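If you want the building blocks of each chain, they are given just below.
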Amino acid sequence: MELQEGARVGVVGGGPAGTLTSYFILEMAQRAGLSFEVDIYEGRDFSRAGPAGCNMCGGIVSESLVQMLAAEGINLPPPVVQRGIDSYVLHTDVGQVRIATPGEEMRIAALHRGSGPRGAAAGPWKSFDGFLLDLACEKGARHIPGRVKELTWQDGLPAVQTDGQPARPYDLLVGATGINASGHKLFEKLGFRYEQPRTAKTSMLELLIGREKLQDSLGNAMHVFLLDLPRLEFAALIPKGEYISVCLLGHDIDRELVDHFMHSGPVRSCLTEDYESGSEACHCSPRINIGEAKHLFTDRVVLVGDCGVSRLYKDGIGAAYRAAKACAATVVLHGVSEEDFQKFYWPACKRMQRDNRVGKALFLSAGLFRRLAFLTRAMLNVARSEQRPDSRSRALSTVVWDTFTGSAPYTDVLLRSLKPGLVLPFAAACCCALLPFGEGKGSG
Amino acid sequence: MGIGVLGKVYEDSETIVEQGGTGDCMYVVQQGHVTVCVKQGDHEITLSRLGPGDVFGEMALFTKEPRSATVRAEGKARVLTIDKRGFLKRIHEDPTLAFRILQKMSERIRKLNEEVARLRP
């Protein structure tokens, strides 16, 4: 079931998964001497500030993804990048440590998925999702604004129905709806037993701080918090142009937990001004993919991105890129049958799923660190010593960095954390941290 | 160059890559321009000028040979590093990632062929 010259591809969802799938399908088709028609259905207007233009996300493009996109010829320009991140600060209840990227290079992109939070004045910035949608359209995709009402089958082909338009049949239908809108439910009705993944609720706030105050308080560092607060797994403060994005991940996150976190000592030490409850410019509670969707494909239909398989807790945009590439390569180089997706697309998804199981264990162990102060002290002490100019090893720092930035597979992080070069100094630091005179307090 | 930027900023004439040095990464120009030069005896010959989106240092990803040229910033330039190890791991998972690099290398070989043909008597 190969796509022939002039084949029509419909993509439901114009976020990163949908636009990158479209982009790579068109690019690979061009390389193979083929020309396809790709329609991207996306009802959001990414040029609008606030919820209307936002796909609700912390807005971090990891170090590894920045590099891979650059290798693909996709370079994120300044209007899209709100702030280049060159370090991150890990805050715990017993101290903090700053871990910088090698060579003082800005390697992580902090960006707005839409055009900024609610009330944001029109500025020089550009939506990341809008940027990717423009790239796909420059490659030849057609953006169809408007909401998809229904998906049906017409003579064996999947068809897309929008308001006031007849159903359009396609040779291939790609679902990239995410899991926060209800678009993925349309695919459940196509009858191939698709089941959406398990999800968890997060909390995102946008605080308007102003460029200068932001530079003074957070600078170009992302701040990650591993605090022993009930129901909170971890949190991050991400500096952007004029705003700080606050991302919280845990269980049953409510206003009380948000206020508790924002008024905690480590957070107050980062911000130059006191946070006032309700002062945020924007607030949302997006769901994230934490489980395994079932039956992601059938003949001529495939799901990519959050509605399918994603990375656990981190690097959702990176996961969308990987799935998009695998999907595009399958579609152009092999075919669009269920067997083709099973053989060539599924392995990339399965790799992410397997890696997520390791990630679950890693984050469980992070929970141990939250609760056992001596482990945290030991980690901070080793990480601080690794930041010294004369240090030869950054083993633990890079493990911590990759865990909390999502820049490496979790399996890779686990294997590195078991190496003697990390285990031995960490064990020694644990012994010191357990001894009364060896407690290493203070900030890094 | 502002806060919404990626990579490292190099000042005018600052060396990014030194001929003869070792390397474990390649680079992508994000903003500004760089010049690629080779030393021949006492002279330095400028081979090319690269701009935004151009890649250099990619040979270090595939061989262990020393850097074949010196690359310097022309005016202020912002350059992003692509680490060898991460890149090769990713190519192992997704071989199509190497396509663009191969395309660039093919273009360079074509230009070199034209240059050699032009210089031959």
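Structure: above.
Treat the numbers as computed from the prediction; the structure is a model and nothing was measured.

Participant: Before we move on, can you summarise the overall build of chain A with the specific residues and values?
Facilitator: The secondary structure content of chain A amounts to 13 helices and 20 strands. A compact globule built from 444 residues would reach a C-alpha radius of gyration of about 22 Å, and chain A, at 22 Å, matches this within 12%. Projected onto its principal axes, the C-alpha positions of chain A cover 75 × 50 × 40 Å. Counting all 444 residues of chain A, 60% fall into the buried class. Taking contacts inside chain A between residues at least 6 apart in sequence as the whole, the part at least 24 apart equals 73%. When the accessible surface of chain A is split by element, carbon and sulfur atoms take 52% of a total near 17600 Å². A distance of 3 Å separates the average location of the 49 positive side-chain charges in chain A from that of its 49 negative side-chain charges.

Participant: Account for the overall build of chain B, with residues named and values stated.
Facilitator: When you go through chain B residue by residue, the secondary structure sums to 3 helices and 6 strands. Listing the helices and strands of chain B from first to last along the sequence gives β-β-β-β-β-α-β-α-α. Here the C-alpha atoms of chain B give a radius of gyration of 15 Å, agreeing with the 14 Å that 2.2 N^0.38 yields for 121 residues. Looking at chain B residue by residue over its 121 residues, the buried ones come to 40%. Here the analysis covers contacts within chain B between residues at least 6 apart in sequence; of these, 74% occur between residues at least 24 apart. Carbon together with sulfur atoms contributes 53% to the accessible area of chain B, which is approximately 7000 Å² in total. Distance between charge centroids for chain B: 3 Å, based on 19 positive and 17 negative side chains.

Participant: Before we move on, can you summarise the sheet that holds strand S7 (residues 108–111) of chain A with the specific residues and values?
Facilitator: The antiparallel open sheet is built from 3 strands, whose spatial order is S3-S7-S4 (chain A). Two strands bound the open sheet, and with one partner strand each, they are strand S3 (60–61) and strand S4 (81–85) of chain A.

Participant: Can you tell me about the pairing of strand S9 (residues 148–154) of chain A, naming the residues and giving the values?
Facilitator: All names here are of chain A. Where S9 and strand S10 (residues 157–162) come together, 6 bridges link them in antiparallel fashion. Bridging across to S10, Val148 finds its partner in Thr162. The loop that links S9 with its antiparallel partner S10 comprises 2 residues; one of these, Asp155, has a positive phi angle of about 50 degrees.

Participant: Hey, could you go over the interface of chain A and chain B for me, with residue numbers and the actual values?
Facilitator: In this assembly, 32 residues from chain A lie in contact with 27 residues from chain B. Both sides together, the interface formed by chain A and chain B hides about 2500 Å², and carbon and sulfur atoms give 54% of it. Looking at the side of chain A facing chain B, the largest losses of area belong to Arg31, Ala71 and Glu105 of chain A, adding up to 21% of the total buried there. Residue Lys89 of chain B is joined to Asp412 of chain A by a salt bridge in which the shortest nitrogen-to-oxygen separation is 2.9 Å. Counting every contact that joins chain A to chain B gives 8 residue pairs in polar contact (both at pLDDT 80 or more). Listing elements by their share of the side of chain A that touches chain B, those giving two or more residues are helix H1 (16–31), helix H2 (63–71), S4, S7, helix H5 (211–217) and helix H8 (316–333) of chain A.

Participant: Before we move on, can you summarise the environment of Ala77 of chain B with the specific residues and values?
Facilitator: Residues and elements named next belong to chain B. Assignment of secondary structure puts Ala77 in strand S6 (residues 70–83). For Ala77, a relative accessible area of 0% gives the class buried. Linking Ala77 and Glu115, residues 38 residues apart in sequence, is a C-alpha distance of 28 Å.

Participant: Report on empty space enclosed by the protein, specifying residues and quantitative values.
Facilitator: Applying the stated criterion across every chain yields a total of 1 cavity of 30 Å³ or more. Quantified by volume, the largest cavity comes out at close to 30 Å³. Every residue along the wall of the largest cavity is listed here: Val66, Ala70, Ile74, Asn75 and Leu76 of chain A together with Leu6, Gln30 and Leu80 of chain B. Taken together, the residues of the lining of the largest cavity break down into 6 nonpolar, 2 polar and no charged.

Participant: Explain the sheet that holds strand S11 (residues 168–169) of chain A to me, using residue names and the numbers behind them.
Facilitator: Residues and elements named next belong to chain A. With antiparallel pairing, 3 strands are arranged side by side in an open sheet as S9-S10-S11. Whereas interior strands pair on both sides, the edge strands pair on one side only; in this sheet they are S9 and S11. Across 2 bridges, the pairing between S10 and S11 is antiparallel. Counted as the bridge partner of Val160 is Arg168 from S11.

Reading guide: rules and limits
Residues numbered from 1 in each chain as written. Chains lettered and ligands numbered in written order. Predicted model: local features only at pLDDT ≥ 70, side-chain atom pairs only at ≥ 80, totals over all residues. Heavy atoms only, no water. Helix = DSSP H or I, 4+ residues; strand = E, 2+ residues; numbered from the N terminus. Rg over C-alpha atoms; globule rule 2.2 N^0.38 Å. Buried < 20%, exposed > 50% of the residue type's maximum accessible area, 1.4 Å probe, protein only. Contact = heavy atoms within 4.5 Å. Areas by Shrake-Rupley, 256 points an atom, 1.4 Å probe, with all protein chains shown as cover. Lys, Arg positive; Asp, Glu negative; His and termini not counted. Charge placed at Lys NZ, Arg CZ, Asp CG, Glu CD. Pairing = 2+ DSSP bridges. Buried area = accessible area lost by both parts, 1.4 Å probe. Salt bridge = Lys/Arg side-chain N within 4 Å of Asp/Glu carboxyl O. Polar contact = N/O pair within 3.5 Å; in protein donor to acceptor, adjacent residues only side chain to side chain. 1 Å grid on protein atoms, 1.4 Å probe; cavity = no way out; pocket = protein on both sides within 12 Å on 5 of 7 lines; lining within 4 Å. Points joined across faces, edges and corners; volume = space filled by probe spheres on them. Nonpolar A, V, L, I, M, F, W, Y, C, P; charged D, E, K, R; others polar.

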